[in-house]
Amino acid sequence: MRPKIAVTRRIPDEAMRVLAEAGEVVVSPEDRPLTPDELHELIQGASAVVSMAFDRIDPAKIGQELRVVSNVAVGYDNLDVPGFAERGVIVTNTPGVLTDATADLAFGLLLAVTRRLGEGERLLRAKQPWSFHLGFMLGTGLQGKTLGIVGLGQIGQAFAKRALAFGLRIVYSGRSRVAPEIEEALGAKYLPFDELIASSDFVSLHCPLTPSTRHLIDADVLRAMKPSAYLVNTTRGPVVDEPALADALLAGEIAGAALDVFEKEPEVEPRLLELDNVVVMPHLGSATVETRTEMALLAARNAVSVLAGNGPITEVRP
């Protein structure tokens, strides 16, 4: 019998064809995230699961047939990797292929919030009267300012390269320093997190979601930022305490924020939606045709490679 491959939500046809060559593919008929019961019913008897970033699969509820969970995302905080490893199940992710798309979106968010692009568009769409004058809708320039990057991994480095072209000074923090040649190429200076927060004009988050980074940006950190500073988040929603962020923005403790991810997606802290100095996007970091297709293809190839006995291409190790 051909192995069952469960796909928790529709993926591009190119990836579906790769999977179909290796087994019997079963795709969720629902165009939404599955409930826990629906999810575990779908994967029963599967040898491979192609999962999305919002799928939380309980290792205790999997069958003995399951050999691989292939997550269509770089992050894997939705999966209990040690729990799967104890049961001999391999977990994979999709690093690399979404680096440029996410860095592009992050820089777009920085420009949007500092130059008030969303606010300006809303004004025109609402057909509000306006006229050009030298004080009209002034934003904040980037040149010569300090950009603090929290997490200088692949996406953080790609973001820094874009920032260099706009004349920004780069400082960064993280679990460890990057190689000296990377620091030199980016002109990046390592700072302890507290110093980065206090000295940066713009703070962009590119760290993974872990127990230590959950609500990393809380009320105390926001108070430590410059009142003229802006926050950008394209990593994972729970890295930012959203109610604390709304409080800080309403109190004028920071100048603005741009967010592509949220703690309880698709819900957003309601007060953030009412503020003109907040730019919000519905998790579009990797949302290009090319990138999402490559993500799905890599996930499919990971699953097929494991089923064929060749091992994973991009394994997540506990």
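Our subject is the structure listed above.
Source: prediction; values computed, not measured.

## Examining the overall build of the protein
Step number 1: Helix and strand counts for the protein come out as 12 helices and 13 strands.
Step number 2: Relative to a compact globule of 318 residues, whose C-alpha radius of gyration would be 20 Å, the protein shows 21 Å and is just as compact.
Step number 3: Across its three principal axes, the protein shows a C-alpha extent of roughly 70 × 50 × 30 Å.
Step number 4: Classification of the 318 residues of the protein by burial places 47% in the buried group.
Step number 5: Across the protein, the fraction of contacts at a sequence separation of at least 24, relative to all contacts at a separation of at least 6, is 58%.
Step number 6: As displayed, the protein offers around 15,600 Å² of accessible surface, 54% of which is attributable to carbon and sulfur atoms.
Step number 7: The centroid of the 31 positive side-chain charges in the protein is displaced by 3 Å from the centroid of its 41 negative side-chain charges.

## Looking at the nonpolar core
Step number 1: Counting residues in each nonpolar core, the largest one holds 29 residues, and the members touching the most others are L231 and L245.
Step number 2: Every element with two or more residues in this core is listed here: α8 (193-199), β9 (202-205), α9 (219-224), α10 (242-250) and β11 (256-259).
Step number 3: The greatest single-element share of this core, amounting to five residues, is contributed by α10.
Step number 4: When sequence neighbours within four positions are dropped, the list of residues in contact with L245 reads L222, L231, V240, I254, A257, L259 and L272.

## Regarding the sheet that holds β9
Step number 1: Taken in spatial order, the seven strands line up as β8-β7-β6-β9-β10-β11-β12 in an open sheet, and their pairing is parallel. With one partner strand each, in any of the chains shown, β8 (188-190) and β12 (278-280) form the two edges of the open sheet. With strand direction ignored, the average angle separating the axes of adjacent strands in the sheet is 15°.
Step number 2: Set on the sheet, helix α6 (residues 154-165) makes contact with β6 (146-150), β7 (169-173) and β9; between it and β6 the angle comes to about 170°.

Cut-offs applied
- Residues numbered from 1 in each chain as written.
- Predicted model: local features only at pLDDT ≥ 70, side-chain atom pairs only at ≥ 80, totals over all residues.
- Heavy atoms only, no water.
- Helix = DSSP H or I, 4+ residues; strand = E, 2+ residues; numbered from the N terminus.
- Rg over C-alpha atoms; globule rule 2.2 N^0.38 Å.
- Buried < 20%, exposed > 50% of the residue type's maximum accessible area, 1.4 Å probe, protein only.
- Contact = heavy atoms within 4.5 Å.
- Areas by Shrake-Rupley, 256 points an atom, 1.4 Å probe, with all protein chains shown as cover.
- Lys, Arg positive; Asp, Glu negative; His and termini not counted.
- Charge placed at Lys NZ, Arg CZ, Asp CG, Glu CD.
- Core = buried A, V, L, I, M, F, W, Y, C linked by side-chain atoms within 4.5 Å.
- Pairing = 2+ DSSP bridges.
- Axes fitted to C-alpha atoms, helices over the stretch in contact; angles between N-to-C directions.

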